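So the chains spell out like this:
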Amino acid sequence: MGLIEKVKENWFLLGIFVVITSADLVPFIGAKGGPLVPEITIKYLAVSFIFFNSGLSLKTEELKSALLHVRLHAFIQTFTLAFVPCVVWVLVRVLSSTTLDEGLLQGLQVVGCMPPPVSSAVILTKAVGGNEAAAIFNSALGSFLGILVTPVLLLVFLGSSSSVPFSTIFIQLSMTVVVPLLVGQILRQYIKDWLEKRKPPFGEVGKGVLLLIIYSTFCDTFSNTALQINHRSIAAVILIVVLFQMSMLSLTWAVTQTSFLGFAPADTVAIMYCATHKSLTLGIPMLKIVFAGYEHLSIISIPLLIYHPTQILLGGLIINNLKTWMDKAQKLRRSKSADLETVAEDEEGVEA
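Because the structure is predicted, anything quoted here is derived from the model rather than measured.

Caption draft 1: Looking closely at the environment of Cys-113. Mapped onto the elements, Cys-113 comes out in helix α5 (residues 102-113). Among the residues examined, Cys-113 registers a relative accessible area of 0% and is labelled buried. A sequence separation of 170 residues divides Cys-113 from Gly-283, and the C-alpha atoms of the two residues are 9.0 Å apart. Setting aside chain neighbours within four positions, we find Cys-113 in contact with Leu-81, Pro-85, Thr-150, Leu-153, Leu-154 and Phe-157.

Caption draft 2: Molecular detail of the packing of aromatic side chains. With the rule as written, the count across this model stands at five aromatic pairs. Each residue in the set Phe-75, Phe-79, Phe-83 and Phe-263 is aromatic and connected to the rest through ring pairs, giving one cluster.

Caption draft 3: Spotlight on helix α13 (residues 297-317). Its 21 residues place the ends of α13 31 Å apart at the C-alpha level, agreeing with the 30 Å of an ideal helix rising 1.5 Å per residue. Of all 21 residues that make up α13, 16 are buried, and the element is covered over most of its length.

Caption draft 4: Representation of the pattern of salt bridges. In the structure shown here, the tally under the stated rule is one salt bridge. Residue Arg-188 is joined to Glu-196 by a salt bridge in which the shortest nitrogen-to-oxygen separation is 3.1 Å. Classification of Arg-188 by relative accessible area gives buried; the value is 1%. For Glu-196, a relative accessible area of 27% gives the class partly exposed.

Caption draft 5: Fine view of a nonpolar patch on the surface. Taken together, the side chains of Val-37, Ile-40, Tyr-44 and Leu-45 define a hydrophobic patch exposed on the protein surface, amounting to about 370 Å² of accessible area. Inspection of the secondary structure assignment puts Val-37 in the loop between α2 (11-25) and α3 (38-57). Overall, the relative accessible area of 35% leaves Val-37 in the partly exposed class.

Caption draft 6: View of the nonpolar core. By size, the foremost hydrophobic cluster in this structure holds 82 residues, and its most contacted members are Phe-51, Leu-108, Leu-154, Tyr-273 and Leu-280. Here Leu-108 is in contact with Val-88, Val-92, Leu-95, Val-237, Ile-240, Val-241 and Pro-303, once residues within four sequence places are set aside.

Caption draft 7: Spotlight on unusual backbone geometry. Residue Val-37 is not a glycine yet carries a positive backbone phi of 50°. At Lys-199, a position not held by glycine, the phi torsion is positive, near 50°. Inspection of the secondary structure assignment puts Lys-199 in the loop between α8 (166-198) and α9 (202-223).

Caption draft 8: Broad picture of helix α11 (residues 265-276). Here α11 contains twelve residues, and its C-alpha end-to-end distance of 17 Å stays within 8% of the 16 Å for a straight helix at 1.5 Å per residue. Burial within α11 is extensive, with twelve of its twelve residues counted as buried. Of the residues making up α11, those classed as buried are Pro-265, Ala-266, Asp-267, Thr-268, Val-269, Ala-270, Ile-271, Met-272, Tyr-273, Cys-274, Ala-275 and Thr-276.

Caption draft 9: Layout of the side chain of His-277. One can find His-277 in the loop between α11 and α12 (280-290). Other than its neighbours up to four places away in sequence, His-277 contacts Thr-80, Pro-115, Pro-116, Pro-117, Ser-120, Ala-121, Leu-124, Tyr-307 and Gln-311.

Caption draft 10: Here's a closer look at the packing of helix α7 (residues 132-158) against α12. Viewed as axis vectors pointing N to C, α7 and α12 meet at an angle of 40°, and their least axial separation amounts to 11 Å. Classified by the interaxial angle, the pair formed by α7 and α12 is oblique. Crossing handedness for the pair α7 and α12: right-handed. In contact with Ser-143, Gly-146, Ile-147, Thr-150, Pro-151, Leu-154 and Leu-155 of α7, α12 contributes Leu-282, Met-286, Leu-287 and Val-290.

Caption draft 11: Structural detail: the environment of Ile-289. In this fold, Ile-289 is placed in helix α12. Spatially, the C-alpha atom of Ile-289 lies 9.1 Å from that of Pro-151, the residues being 138 residues apart in sequence.

Thresholds, definitions, all that
Residues numbered from 1 in each chain as written. Predicted model: local features only at pLDDT ≥ 70, side-chain atom pairs only at ≥ 80, totals over all residues. Heavy atoms only, no water. Helix = DSSP H or I, 4+ residues; strand = E, 2+ residues; numbered from the N terminus. Buried < 20%, exposed > 50% of the residue type's maximum accessible area, 1.4 Å probe, protein only. Contact = heavy atoms within 4.5 Å. Phe/Tyr/Trp six-rings, centres within 6.5 Å; stacked < 30°, edge-to-face > 60°. Expected span 1.5 Å × (residues − 1). Salt bridge = Lys/Arg side-chain N within 4 Å of Asp/Glu carboxyl O. Patch = residues over 30% accessible without salt bridge, like charges linked within 9 Å, V, L, I, M, F, W, Y side chains within 5 Å. Areas by Shrake-Rupley, 256 points an atom, 1.4 Å probe, with all protein chains shown as cover. Core = buried A, V, L, I, M, F, W, Y, C linked by side-chain atoms within 4.5 Å. Axes fitted to C-alpha atoms, helices over the stretch in contact; angles between N-to-C directions. Parallel < 35°, antiparallel > 145°, perpendicular 65-115°, else oblique. Left-handed = near helix turned anticlockwise from the far one by under 90°.

Structure (structure tokens):
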């Protein structure tokens, strides 16, 4: 793969670096009161567009085949929206006795409260050859549940550091998240054939708007000279995120091996990616709403910005090993099934 192809493939990760650097160099453009007018363009227009784009692109009509696998869906959603936030809460309590920056600790809790991503878990599950239908279903379901559950989790675990009243937060969530998402889904029903034919680049457009939101968020930080970021704390957070993701991937793999749950190897692959990955696309806009006006917002968002590329990197590194394990496990599963059928036939012959 040439340099240009690598840049095209990883343009969003490079974009995050570019917009944060730009915010450091020229913070006045995207800061409050600046030429970008983030009070309107970011707070309302950009956030609403992100969720309208998600509603328009979610192929909920193709999820019927995966709908009846209730145990699998319940496991993934409970793990990612209940178990992980609680584990992170305990981790944050332990780390609070260290010198780690308090804003970064809050950011770790934020990561734990996020829903699964719309695309990365599906792409990686497909690359391994796992249960792609289940991955699609749970990414879509997690996005919808996240709109309702994630703001509640953030307020329960962190409280609101926003200057905006509690009731106003949920009104804004409804107007800039729920309504655009529903409008996108409704519109999709009328232009579904056109969308399937043209295949608009929803992912790239959404990421482009997300970069604008990230830029504005860091402009506010770099405009406030009183704020200082502890670089040692950031290095520690990177290590914590990597170890945490490795632990969650290992845990989901180990738990799903129990015969009681009855998951197939292909299901395990979908669970590993969907239950451990967290959405940056939905997360950053939600933080802009729940923590509106909070001066440490960009610091809180740093762990999520670290988690996003890390989950893709780790997920990609284990593809080959995971695929090899899945193929062997499926062959063993089929072999055992064939042996059982043979035994059953022999018993029937003896009885006859």
